[in-house]
Amino acid sequence: MPDWGEVLKEIQGLTLKASQTAQGAMDLVRRQYLNKLAEDTGRNVIAYYSGFLSKPDVPSDITDEDKNGFMMCVHSIGHQRKKGLDLILHTPGGSIAATESLVDYLHQIFGNDIRAIVPQIAMSAGTMIACSCKEIILARHGNLGPIDPHLRGFPAYGVKEEFARALKEVRNDPSSIPIWQSIIGRYGPAFLSQCENAILWSKAFVEYQLEHSMFEGEASARKKAKTIVRKLTDYKGNKTHQRHIGFEELAAMGLRITRLEDLQWHQDLVLTVHHCYMHALMNTAAFKIIESHIGSAFVKQQMVQQLSIPQR
């Protein structure tokens, strides 16, 4: 299967030979390999790609609007729902509420027959989605991430720890009150409660998904789920929300995870599909693509402002 450079040559060749626009050629090549992957696995495929790497200033988080894209894709393949779903994920994460709603919708359609395929990165809420699947297939260079929630740009666990530290230091040294007032004052009313609720919500959601999806029917499902969630939400141990967690550590946690490289033929196809999406996100105005293997696609693009040139 083609690598990064060969995919680019194929796109360029199609542009020249078939008089296609660059974007049209990218669409044709990408959909060709996405469909090949579905034929190879005998399963439905939906790719969910965000352009957070090539367009870091454009918001590409998981939101409720994404449900429209998934509804479009599911409508195109819903008659084949018994084939299950392979969900290719490349996302920085996003809203817990939107993630929970999206996962619930996909389970209604495909039950627990959903596999997450992560060619490179699925962080935060992307990791939550992966944990809601029966299996995770991860490339050697791929990563998941911590699932500790963030509110208003602040880490919920960090806020909770900071409040606890403030109480302790103020008790021991009342003269530190002005310092802590300036720090805690940034948060606003009820923010601590919101952080505590977000922590409970994210933990409960992922524990439930692991217990009832990935480890469905296992006697130790609840214990496994709690152990995995404790490690994925270990604020001190993970150091930062952006930490990339690789295969060995994820497997040691107890996740049902498979190396993409162990699937041989699938590996080449998945990585070719990944290269196709990276080219599209780097070289077009698209910053989010949700697409099924039969070509039904929901594409969000940057708005390009047209300049009006005054006539002389």
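First, a word on scope: everything that follows refers to the structure included in this document.

So, how was this worked out
Each residue is numbered by its place in its chain's sequence as written, counting from 1. Totals for whole chains, interfaces and linings use all residues, but because this is a predicted model, local features are given only for residues with pLDDT of at least 70 and pairs of side-chain atoms are given and counted only at 80 or more. Side-chain descriptors were evaluated using all non-hydrogen atoms of the structure, hydrogens and water having been removed beforehand. Note on geometry: axes are C-alpha line fits, over the in-contact stretch for helices, and angles between N-to-C directions span 0 to 180 degrees. Comment: elements are numbered from the N terminus, with helices defined as DSSP H or I runs of at least four residues and strands as E runs of at least two. Each angle gets one of four labels, with under 35 degrees taken as roughly parallel, over 145 as roughly antiparallel, 65 to 115 as roughly perpendicular, and the rest as oblique. Definitions for this section: a left-handed crossing has its near helix turned counterclockwise from the far helix by less than a right angle. A right-handed crossing has that turn clockwise. Contact criterion: two residues are considered in contact whenever any of their non-hydrogen atoms come within 4.5 Å of each other. Gly counts as polar in this scheme, as do all residues outside two lists: the nonpolar Ala, Val, Leu, Ile, Met, Phe, Trp, Tyr, Cys and Pro, and the charged Asp, Glu, Lys and Arg. Pairing between two strands requires that DSSP report at least two bridges joining them. For the purposes of this section, nonpolar cores are sets of buried Ala, Val, Leu, Ile, Met, Phe, Trp, Tyr and Cys residues that join through side-chain atoms within 4.5 Å. Throughout this description, buried means an accessible area under 20% of the type-specific maximum (1.4 Å probe, protein chains only), exposed means over 50%, and partly exposed covers the range between.

A few words on the packing of helix H4 (residues 96-110) against helix H8 (residues 191-214). It is at 11 Å that the axes of H4 and H8 come closest, and there the two elements cross at 20 degrees. In terms of axis orientation, H4 runs roughly parallel to H8. As for how H4 packs across H8, the hand of that crossing is left-handed. Packed against H4, whose contacting residues are Ile-96, Ala-97, Thr-99, Glu-100, Val-103 and His-107, the element H8 presents Ala-198, Trp-201, Ser-202, Phe-205, Gln-209 and Ser-213 at the interface. Residues that form the contact of H4 with H8 fall into these classes: 6 nonpolar, 5 polar and 1 charged.

Moving on, we come to the sheet that holds strand S10 (residues 286-292). The strand order S9-S5-S3-S2-S1-S10-S11 describes an open sheet built from 7 strands, whose pairing is mixed. This sheet does not close on itself; its edge strands, each paired only once, are strand S9 (257-259) and strand S11 (297-301). Each strand axis lies, on average, 15 degrees off the axis of its neighbour in the sheet, ignoring direction. Examined bridge by bridge, strand S2 (residues 85-90) and strand S3 (residues 114-118) share 4 bridges and lie parallel to one another. Bridging from a neighbouring strand, Leu-85 pairs with Ile-114 of S3. Against the sheet, helix H12 (residues 265-283) touches strand S1 (44-50), S2, S3 and S10, its axis set at about 145 degrees to S10.

Attention shifts here to the nonpolar core. If you look at the biggest cluster of nonpolar residues, it comprises 50 residues, and the most contacted ones within it are Ile-46, Phe-70, Leu-87, Leu-89, Leu-106, Leu-210 and Leu-250. Ranked by residues supplied to this core, first place goes to H4 with 8 residues. In this structure Phe-70 touches Ile-46, Tyr-48, Leu-87, Leu-102, Tyr-105, Leu-106 and Ile-290, once residues within four positions along its chain are discounted.

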